[in-house]
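Okay, here's what each chain looks like letter by letter:
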Number of protein chains: 2
Amino acid sequence: MISKNKSLPVIEYANHTSNSEVCYPSCDQCIAKYVSMCSVLEENELNDIAGISKNIRIIAKQQICVEGETAEYLFNIKSGCVRISKMLADGRRQIIGFLFPGEFFGLACSNGYSYTAETITDTELCRMPRADIIKKFSDIPKLGQKVLNITHAELQRTQDQMLLLGRKSAKEKLATFLLNLIDKSMRDHNKKVYLPMCRSDIADYLGLTIETVSRQFTILSKENLISLSDSQFVEILNLDKLDIIASGG
Amino acid sequence: MISKNKSLPVIEYANHTSNSEVCYPSCDQCIAKYVSMCSVLEENELNDIAGISKNIRIIAKQQICVEGETAEYLFNIKSGCVRISKMLADGRRQIIGFLFPGEFFGLACSNGYSYTAETITDTELCRMPRADIIKKFSDIPKLGQKVLNITHAELQRTQDQMLLLGRKSAKEKLATFLLNLIDKSMRDHNKKVYLPMCRSDIADYLGLTIETVSRQFTILSKENLISLSDSQFVEILNLDKLDIIASGG
DNA sequence: CGTGCATTTGACCACCTTCAATAAAGGTGG
DNA sequence: CCACCTTTATTGAAGGTGGTCAAATGCACG
């Protein structure tokens, strides 16, 4: 699975709690400069933040931060895929979201992280001290406003997910999930989607079991709405019909 | 049901689209001054916003704004209870949240409202022009920051609700719901909670049917965890056990 | 080629839904 | 104030969607 992710060059990875971190060298080629909170910053402001940030590389399936832990850092994703989740005492898990390059996480409003974040693929992060960034919201008002916009957009996506979890059938859930992924990766221009996450991640995201997810994949395939060349690669064959299913038509 | 809501004096109500609106007379006794976005404002800033706001009274079970409609206004709740919801094409509904005095809604990030808002009880609102308030985020940075804090807290509550909708059983859902209401109304100091919303509202909030909600109320009663003197009044008899159930223990 | 993990498929079951009937509460008019 | 009607809530019985348990298949890697 990891070897299929071509977006990362061959580099040495390090757990971000180890001391092999390097100071953020340059934001020039960082995607966050264009789409994330950093996009509102002037050159000098960007350098300022880069000076207090660190570049982190983490291999797949590692924890980045844990629900309840003191929230010291804010993370911008430069490459890879991250899942954030919450758990019940007995181990039942709900995945809150999958995050891709340009997105950030860790902006807790209490002292502790409200969710656990883990890498799905090998991931490159920009790690910023949370308290310092929050201070910057005052110094650079447009940064705070940008974060408000991002947070509010995130809130609306989460509310859409509430509708999905509370009221959609298994089939509708999976169709919605696939269409949302298409939206995110439409830059690839074709209708083939790579799923970096495994079936149990999809299940815990949609409030289902892996068996039900698998069965629904099979059903959508048999109806010629999608094609599964590999369990990680989905080709959308009939976007319109999938859309109708996803919206409960 | 309406007559039981003693928080409102006997006044004439008007739909907010009619012309019987009155300019916001004074913020002196408004709860929003203490707990909402308005709490960060100086006297003159508050007056400034009051000058462009209107005081609205709406009777129970009326629409305030509709999903998709152009988002012209932002609303602060002064008294009463409001539900916000989203619908699928075939009528399936998910209630996103119940809002109480001091809370606000309507801060859409696109042009249209992302949800429908309706009064549950008779409600008094402070209606502010959305575009003007958003402009004020720049003029008064601490206002923008306060709204960011509120929005982020709201995001975390919504994520908790995702865990509930995706992974909790009917019994756990209802226990969680009751405990959350207790938290909100603990100012009443006893463990008797008034439920302004009907069973179908609770069902659509928890991703259940009214029958299942009703059955779970009965079960919790028979286990002596709660007492239902009236379908709208719940007394918590065993908070600890309810807590264990709610958290999936 | 064997081991280990992820995914798929099958059989059975349970929780919640659906459908239906009854009970209780609220509102209106006499 | 009570009869009547409507709305809401409760309870019961039957059914279905998705869950649980189990086995088989597929794939990567040594």
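Everything here concerns the structure above.
Residues numbered from 1 in each chain as written. Chains lettered and ligands numbered in written order. Predicted model: local features only at pLDDT ≥ 70, side-chain atom pairs only at ≥ 80, totals over all residues. Heavy atoms only, no water.

## Structural notes on the interface of chain B and chain A
For clarity, the threshold we go by: Residues are treated as being in contact if the distance between any of their heavy atoms lies within 4.5 Å. Buried area adds together the accessible area that both of two parts lose upon being put together, with accessible area traced by a 1.4 Å probe. In what follows, salt bridge is the name for a side-chain nitrogen of Lys or Arg lying within 4 Å of a carboxyl oxygen of Asp or Glu. For this analysis, a polar contact is any N or O atom pair within 3.5 Å, provided that within protein one partner can donate a hydrogen and the other can accept it, and provided that sequence-adjacent residues contribute only side-chain to side-chain pairs.
Taken together, the contact pairs 46 residues of chain B with 46 residues of chain A. Across the chain B to chain A interface the summed buried area is about 4,000 Å²; carbon plus sulfur atoms make up 63%. Linking chain B with chain A are six salt bridges. The closest approach of N and O atoms between D204 of chain A and R167 of chain B, which form a salt bridge, is 2.8 Å. In this structure, the connection of chain B to chain A is made through 18 residue pairs in polar contact (both at pLDDT 80 or more).

## Looking at the packing of helix α5 (residues 170-185) of chain A against helix α8 (residues 239-246) of chain A
All names here are of chain A. Put simply, the test is: With axes taken as lines fitted to C-alpha atoms, and helix axes fitted only over the stretch in contact, angles between N-to-C directions fall between 0 and 180 degrees. Here a helix means four or more residues in a row that DSSP labels H or I, a strand means two or more in a row labelled E, and each is numbered from the N terminus. When describing relative orientation, an angle under 35 degrees is termed roughly parallel and one over 145 degrees roughly antiparallel, while 65 to 115 degrees is termed roughly perpendicular and anything else oblique. If you view the pair so one helix is near and one far, a crossing is left-handed when the near helix is turned anticlockwise from the far one by less than a right angle, and right-handed when it is turned clockwise. Throughout this entry, Asp, Glu, Lys and Arg are counted as charged residues, while Ala, Val, Leu, Ile, Met, Phe, Trp, Tyr, Cys and Pro are counted as nonpolar. The remaining residues, Gly among them, count as polar.
Put simply, α5 and α8 touch, their axes get as near as 8 Å, and they point 125 degrees apart. When the axes of α5 and α8 are compared, the pair comes out oblique. You can see that α5 and α8 cross each other, and the crossing is left-handed. Packed against α5, whose contacting residues are K171, E172, A175, T176, L178 and L179, the element α8 presents L239, L242, D243, I245 and A246 at the interface. Among the residues forming the contact of α5 with α8, the class breakdown is seven nonpolar, one polar and three charged.

## Brief notes about the protein's contact with DNA strand C
So the rule is basically this: Whether a residue is near a molecule or strand depends on its heavy atoms: if one lies within 4 Å, it is near.
R199, S214 and T218 of chain A together with A170 and T212 of chain B are the nearest of the 18 residues found near DNA strand C. Backbone sugar and phosphate groups make up 67% of those atoms of DNA strand C lying within 4 Å of the protein. Interatomic distance of 3.0 Å between a side-chain N/O atom of R215 of chain A and a base nitrogen of DNA strand C. At a separation of 2.9 Å, a base oxygen of DNA strand C approaches a polar side-chain atom of R215 of chain B. Of all the secondary structure elements, the ones that give two or more residues to the surface near DNA strand C are α7 (210-222) of chain A together with α7 (210-222) of chain B. Tallying contributions element by element places α7 of chain A first for the surface near DNA strand C, with four residues. Class assignment for the residues of the surface near DNA strand C results in four nonpolar, eight polar and six charged.

Keep in mind these numbers describe shape, not what the thing actually does.
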